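Reading the structure
The lines below spell out each chain.
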Amino acid sequence: MAVREVTSAPSLATLYPKALLRRGGGSTLPTTELVRPEVVVDPAHVAAYNEVCGFRFSDELPVTYPHMLVFGLQMALMTEPGFPFPLLGLVHVENRITQHRPLSLGETFRVSVRAENLRPHEKGSQFDMVSEVHSGADTVWSEVSTYLRRTGSGTGSASRPQLTPPKPSALWHIPGDIGRRYAEVSGDRNPIHLHPLTARLFGFPQAIAHGMWTKAHALASFEGRLPDAYTVAVRFKQPVLLPGRAAFTTWQTDDGWAFELWHARKPKPHLDGVISAL
């Protein structure tokens, strides 16, 4: 795989208009790994992220914060001419983060992003965006984001079993502007998150919450209860319409925690996740 260094953070303000115009091309994933060799975290940005997502401010980065460091590189790779799918329309279906040790303010990191594992799915094709954060020779954080490109209706069963939400541990009251607030700190200004009018252009009745905001907000509820090294994997299910209320449930497992997020009044799952100690 060819490595290409990127000396500064890609301009998301430039990449989103580019994403709106391109239609994809080719049939294989790029064989390029994008790398930023020196990344220093901005404490003010971390504070803004913590406020939007619900984390307390400390000298340690929230486990989901390094996604902010790699997201621009992901966007840059997915908007290159040879990338096989258009960025807008991709569905983020799964996200797995592994923290090997706490990451601290003041550290200098090397971050990298690559695409791999293109494979068929019953509703189209899916692939992984693999991101890593390095400190010296050590990989201290990694993320696998799985995306689905729908090209068909699938072959699932015509009838679905009736779902029964678990008893909630907490009720989330999610404001209508959380998509815009998260977009401000993350740079993820996908139109489906910003306003009902732009969301309707893509088939949604209202703006929807970012999947990575729901994951971050869920992890914020576990602060002070997690080990230094662990993996947190989530599956994104039905979108959270804004504004909205959602029922959040947690329970302990043999090696960590599990959690789910459901619609507050309907048997409609939004997310499920598992936290496992390393």
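The structure under discussion appears in the preceding block.
Reference entry: report on the structure contained in this document. (Residues numbered from 1 in each chain as written. Predicted model: local features only at pLDDT ≥ 70, side-chain atom pairs only at ≥ 80, totals over all residues. Heavy atoms only, no water.)

Moving on, we get to a nonpolar patch on the surface. Taken together, the side chains of Leu20, Leu21, Leu201 and Phe202 make up a nonpolar region of the molecular surface, amounting to roughly 450 Å² of accessible area. Relative to the helices and strands, leucine 20 resides in helix α1 (residues 12–21). Its relative accessible area of 43% is what places leucine 20 among the partly exposed residues. (Patch = residues over 30% accessible without salt bridge, like charges linked within 9 Å, V, L, I, M, F, W, Y side chains within 5 Å. Areas by Shrake-Rupley, 256 points an atom, 1.4 Å probe, with all protein chains shown as cover. Salt bridge = Lys/Arg side-chain N within 4 Å of Asp/Glu carboxyl O. Helix = DSSP H or I, 4+ residues; strand = E, 2+ residues; numbered from the N terminus. Buried < 20%, exposed > 50% of the residue type's maximum accessible area, 1.4 Å probe, protein only.)

Estimates place the volume of the second largest pocket at around 360 Å³. Glu60, Leu61, Glu223, Gly224 and Tyr230 are, among the 18 residues lining the second largest pocket, the residues nearest its centre. Among the residues making up the lining of the second largest pocket, the classes are represented as 10 nonpolar, three polar and five charged. (1 Å grid on protein atoms, 1.4 Å probe; cavity = no way out; pocket = protein on both sides within 12 Å on 5 of 7 lines; lining within 4 Å. Points joined across faces, edges and corners; volume = space filled by probe spheres on them. Nonpolar A, V, L, I, M, F, W, Y, C, P; charged D, E, K, R; others polar.)

This part is about the side chain of glutamate 132. Note on placement: glutamate 132 falls in strand β5 (residues 124–135). Of the polar contacts made by the side chain of glutamate 132, one reaches the side chain of histidine 134; its length is 3.5 Å. When residues no more than four places from it in sequence are discounted, the contact partners of glutamate 132 are Arg110, Val111, Ser112, Arg114, Thr139, Trp141 and Ser142. (Polar contact = N/O pair within 3.5 Å; in protein donor to acceptor, adjacent residues only side chain to side chain. Contact = heavy atoms within 4.5 Å.)

We now examine the packing of aromatic side chains. What the rule picks out here adds up to 12 aromatic pairs. When the centroid spacing of 6.5 Å and the interplanar angle of 55 degrees are considered together, the rings of tyrosine 49 and tyrosine 182 count as tilted. Here the residue tyrosine 49 occupies a position in helix α2 (residues 43–53), and tyrosine 182 occupies one in helix α4 (residues 178–186), the gap between them amounting to 133 residues. Comparing tyrosine 49 with tyrosine 182 shows no difference in burial state: the two are buried. (Phe/Tyr/Trp six-rings, centres within 6.5 Å; stacked < 30°, edge-to-face > 60°.)

Turning our attention to the packing of α2 against α4. Packing of α2 against α4 brings their axes to within 9 Å, and their N-to-C directions diverge by 160 degrees. Considering their axes alone, α2 and α4 lie roughly antiparallel with respect to each other. Both α2 and α4 take part in a crossing whose hand is left-handed. Side by side, α2 and α4 meet where His45, Ala48, Tyr49, Glu51, Val52 and Cys53 of the first sit next to Ile178, Arg181, Tyr182 and Val185 of the second. (Axes fitted to C-alpha atoms, helices over the stretch in contact; angles between N-to-C directions. Parallel < 35°, antiparallel > 145°, perpendicular 65-115°, else oblique. Left-handed = near helix turned anticlockwise from the far one by under 90°.)

Further remarks concern the nonpolar core. Counting residues in each nonpolar core, the largest one holds 70 residues, and the members touching the most others are Tyr49, Phe109, Phe127, Tyr182, Trp213 and Phe259. A per-element tally of this core places helix α3 (residues 66–78) first, with nine residues. In this view, phenylalanine 127 contacts Leu29, Met78, Phe83, Phe85, Leu90, Glu116, Asn117, Leu118, Arg119, Ser145, Thr146 and Tyr147; residues no more than four positions away in its chain are not counted. (Core = buried A, V, L, I, M, F, W, Y, C linked by side-chain atoms within 4.5 Å.)

Our focus in this paragraph is the side chain of threonine 146. Examined against the element boundaries, threonine 146 turns out to sit in strand β6 (residues 138–150). On the basis of relative accessible area, threonine 146 is assigned to the buried category, the value being 6%. Engagement of the side chain of threonine 146 in a polar contact is seen with the side chain of aspartate 128, the distance being 2.8 Å. Excluding residues within four positions of it along the chain, threonine 146 makes contact with Val91, His92, Val93, Glu94, Arg119, Gln126, Phe127 and Asp128.

Read from one edge of the open sheet, 11 strands run β1-β2-β4-β5-β6-β3-β8-β11-β10-β9-β7, paired in mixed fashion. The open sheet has two edge strands with one neighbour each: β1 (2–5) and β7 (170–174). Each neighbouring strand pair of the sheet contributes to a mean axis angle of 20 degrees, computed without reference to strand direction. With five bridges joining them, β7 and strand β9 (residues 244–252) adopt antiparallel strand pairing. Within β9, the position partnered with histidine 173 by the bridge is arginine 245. Against the sheet, α3 contacts β2 (32–40), β4 (108–121), β5 and β6, and its axis sits at roughly 55 degrees relative to β4. (Pairing = 2+ DSSP bridges.)

Next up on the list: the pairing of strand β3 (residues 91–99). In the sheet, β3 pairs with β6 via eight bridges, with the strands oriented antiparallel. In the strand pairing of β6, arginine 96 is matched with valine 144. The sheet contact formed by β3 and strand β8 (residues 230–236) spans six bridges and is antiparallel. Looking at β8, one finds that glutamine 99 is bridged to tyrosine 230.

Look at α2 against helix α6 (residues 211–220): their axes get within 9 Å of each other, and the N-to-C directions meet at 85 degrees. Taken together, the axes of α2 and α6 lie roughly perpendicular to each other. Contacts between α2 and α6 pair Tyr49, Val52 and Cys53 from the former with Trp213, Ala216, His217 and Ala220 from the latter. When grouped by side-chain class, the residues that make up the contact of α2 with α6 number six nonpolar, one polar and no charged.

None of this, on its own, says anything about what the molecule does.
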